[in-house]
Amino acid sequence: MITNSTELTIRSHAKVNLTLDILGLRDDGYHSLRSVMQSIGVYDTITLRRSSPGIHLTCSDVRIPINERNLAYKAAEALYEAAGIEPAIDIHLEKKIPSQAGMGGGSSNAASVLRALNLMLGEPLNLSALCEVGANIGSDVPFFLIGGTALVQGRGEDIEALPSISTQWMLIIKPPFGISTPWAYRRLDEIRAQEPEALPKRIQSIECNETVCTSSDRMIECIEAKDWDLIPKLLSNDLEAPSIERYPDIEGIKEALTASSAKGALMCGSGSAVFGIFANEQEAQSAAEKIGNRYGRLFVTRTINRRESWGIDRLEHQGI
Ligand code: C5P
């Protein structure tokens, strides 16, 4: 029984964006998106334990802040507040997901804390209330509460679960430099302002034509048709070009992956990690051996389904 348990350990999985269409800048300074997001096997481990009053956060990675700025801390604080309960919890983060990689590590940790703590407290919040709380913590948090394969729209809060895709094996390479998400979005805006003629037609017409076809729409068609071989060919990320302009190594990593038999390669989210999709686990492993540590840290992993992405094997809840 998870409710009322004194301790709970949960996996907090990373994501990649199979597509990331940035449709435009909104009045609130955020961008409207259309993105097919996908949970993957790389995960952090989070342990929550009932404790003395307060939120006590510890982390295996000394570079990560363990104060109120940490998204896992913010998630615990927001959940206790929404539930009207006084905080009393120890949270330990065992990190494997790299920071500033575009793999959603901080947002995933926040979603996992919301899910786990909500269970430990007897589920005071339903899933849609959890998503609302999550959206105020970070744009990617609602996706991680749903997980699997999903279409993400709006600022990130509008999630539509998609059918599971067939398992795709990946090699992810995280170069030593990180990329700041606000910087990547700002640079994209600058490029678009300087070269309006370079804007894809779909973006010029987005306001007057709601039926425009984005890379995400093509990806969804391919998923619905179960045309799995097409997935690596339809990978697309609007934030990639601005990042490659400043960090040409990202292009180098994509080329190295493709030269090592990746069927497609793309930067993760706002970067700096890059993933390649391979025919099977063996191909991903031999690409890892061939490329070695020339470009950065390597992760051989695979896509996972919604159920696995929730990170608690005993979980019978969440009627999705
Ligand atoms: O919501 P979150 O704090 O994760 O977003 C980090 C940054 O990414 C924002 O400050 C903003 O610069 C950018 N962002 C955006 N539009 C989105 C999501 C994120 O401009 N939909």
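Whatever comes next refers back to the structure up there.
What you see is a predicted model, and the numbers here were worked out from it, not measured in a lab. In this numbering scheme, every chain counts its residues from 1 along its sequence in written order. Reporting in this predicted model follows two pLDDT cut-offs: at least 70 for local features of residues, and 80 or more for side-chain atom pairs to be given and counted; totals over whole chains, interfaces and linings ignore these cut-offs and use all residues. Only hydrogens and water are removed before side-chain values are computed, so all heavy atoms of the structure are retained for them.

**Focus on the overall build of the chain**
Moving on, step 1. From N to C terminus, the chain includes eleven helices and eleven strands.
Moving on, step 2. Computation of the radius of gyration draws on C-alpha atoms, with the globule rule given as 2.2 Å multiplied by the number of residues to the power 0.38. Expected size for 320 residues packed as a compact globule is a radius of gyration near 20 Å; at 19 Å, the chain falls within 12% of this value.
Moving on, step 3. The principal-axis extents of the C-alpha atoms in the chain amount to approximately 55 × 50 × 40 Å.
Moving on, step 4. In the chain, buried positions account for 55% of the 320 residues. Every helix listed is a DSSP run of H or I at least four residues long, and every strand listed is a run of E at least two residues long, numbered separately from the N terminus. Throughout, exposure labels follow a simple rule: accessible area from a 1.4 Å probe, protein chains only, divided by the maximum for the residue type, with under 20% read as buried, over 50% as exposed, and the rest as partly exposed.

**Notes on the state of the cysteines**
Moving on, step 1. Two cysteine sulfur atoms make up a disulfide if the distance between them is within 2.5 Å. Tallying each qualifying case throughout the model produces zero disulfides.
Moving on, step 2. No disulfide involves Cys213; its nearest neighbouring cysteine sulfur is the one of Cys222, lying 12 Å away.
Moving on, step 3. In this structure Cys213 comes out as partly exposed when scored by relative accessible area, which is 40%.
Moving on, step 4. Note on Cys268: no disulfide assigned, nearest cysteine sulfur contributed by Cys222 at a separation of 18 Å.
Moving on, step 5. In this structure Cys268 comes out as buried when scored by relative accessible area, which is 0%.

**Topic: the pattern of salt bridges**
Moving on, step 1. A pair is scored as a salt bridge if a Lys or Arg side-chain nitrogen falls within 4 Å of a carboxyl oxygen belonging to Asp or Glu. On inspection of all chains with the given rule, the structure shows eleven salt bridges.
Moving on, step 2. Between Arg187 and Glu190 there is a salt bridge, and its shortest N-O distance comes to 2.6 Å. Taken together, the residues Arg187 and Glu190, both in helix 5 (residues 181-194) and three residues apart, mark about one turn of the helix.
Moving on, step 3. The partly exposed category is assigned to Glu190, whose relative accessible area is 36%.
Moving on, step 4. Through salt bridges with shared partners, a single ionic network connects Arg187, Glu190 and Glu245.

**What to know about helix 7 (residues 215-224)**
What sets the pattern is the α-helix's 3.6 residues per turn: residues three or four places apart point alike.
Moving on, step 1. Where helix 7 is concerned, the buried positions are Ser215, Ser216, Met219, Ile220, Cys222 and Ile223. An end-on view of helix 7 places all buried positions within 160° of arc, on one side of the element. Of the exposed residues in helix 7, the ones pointing more than 90 degrees away from its buried face are Glu221 and Glu224.
Moving on, step 2. Only heavy atoms matter for contacts: two residues are in contact if any of them lie within 4.5 Å across the pair. Against strand 1 (7-25), strand 2 (31-50), strand 5 (149-154) and strand 8 (236-237) lie the buried residues of helix 7.
Moving on, step 3. Once helix 7 finishes, Lys226 follows within two positions and takes phi at roughly 55°, a positive value. Picture the helix axis, draw a direction to every C-beta atom, and the arc is the one those directions span.

**Section: the site of the ligand**
Moving on, step 1. Looking at the ligand, the residues that line it are Gly29, Tyr30, His31, Leu33, Gly138, Ser139, Arg155, Thr181, Pro182 and Tyr185.
Moving on, step 2. Here a polar contact is recorded for every N or O atom pair within 3.5 Å, except that within protein the pair must consist of a potential hydrogen donor and a potential acceptor, and residues adjacent in sequence are included only if both atoms are side-chain atoms. Within the side chain of His31, one N or O atom sits 2.6 Å away from an oxygen atom of the ligand.
Moving on, step 3. Method for areas: the Shrake-Rupley scheme with a 1.4 Å probe, in which residue coverage is limited to the protein chains shown. Burial of the ligand by the protein amounts to 75% of the accessible area it has alone, namely 460 Å².
Moving on, step 4. Counting only elements with at least two residues in the shell around the ligand, the list comes to strand 2 and helix 5.
Moving on, step 5. By residue number, the principal contributor to the shell around the ligand is helix 5, which donates three residues. Nearness is judged by heavy atoms alone; a residue qualifies as near a molecule or strand once a single heavy atom is within 4 Å of it.

**Considerations on the packing of helix 1 (residues 71-83) against helix 3 (residues 127-137)**
Moving on, step 1. In the contact formed by helix 1 and helix 3, the axes pass within 10 Å of each other and the chain directions differ by 140°. Classed by the angle they form, the pair helix 1 and helix 3 counts as oblique. Here helix 1 and helix 3 pass one another in a crossing that is right-handed. Here Leu71, Lys74, Ala75, Ala78, Leu79 and Ala82 of helix 1 come into contact with helix 3, specifically with Leu130, Val133 and Ile137.
Moving on, step 2. Residue classes follow a fixed rule: Ala, Val, Leu, Ile, Met, Phe, Trp, Tyr, Cys and Pro count as nonpolar, while Asp, Glu, Lys and Arg count as charged, and any other residue, Gly among them, counts as polar. When its residues are assigned to classes, the contact of helix 1 with helix 3 shows eight nonpolar, no polar and one charged. Working convention: axes come from line fits to C-alpha atoms, limited for helices to the stretch in contact. Angles between N-to-C directions cover 0 to 180 degrees. When describing relative orientation, an angle under 35 degrees is termed roughly parallel and one over 145 degrees roughly antiparallel, while 65 to 115 degrees is termed roughly perpendicular and anything else oblique. Note on convention: the crossing is left-handed when the near helix lies turned anticlockwise from the far helix by less than a right angle, right-handed when the turn is clockwise.

Interpretation in functional terms is not warranted from these geometric data alone.
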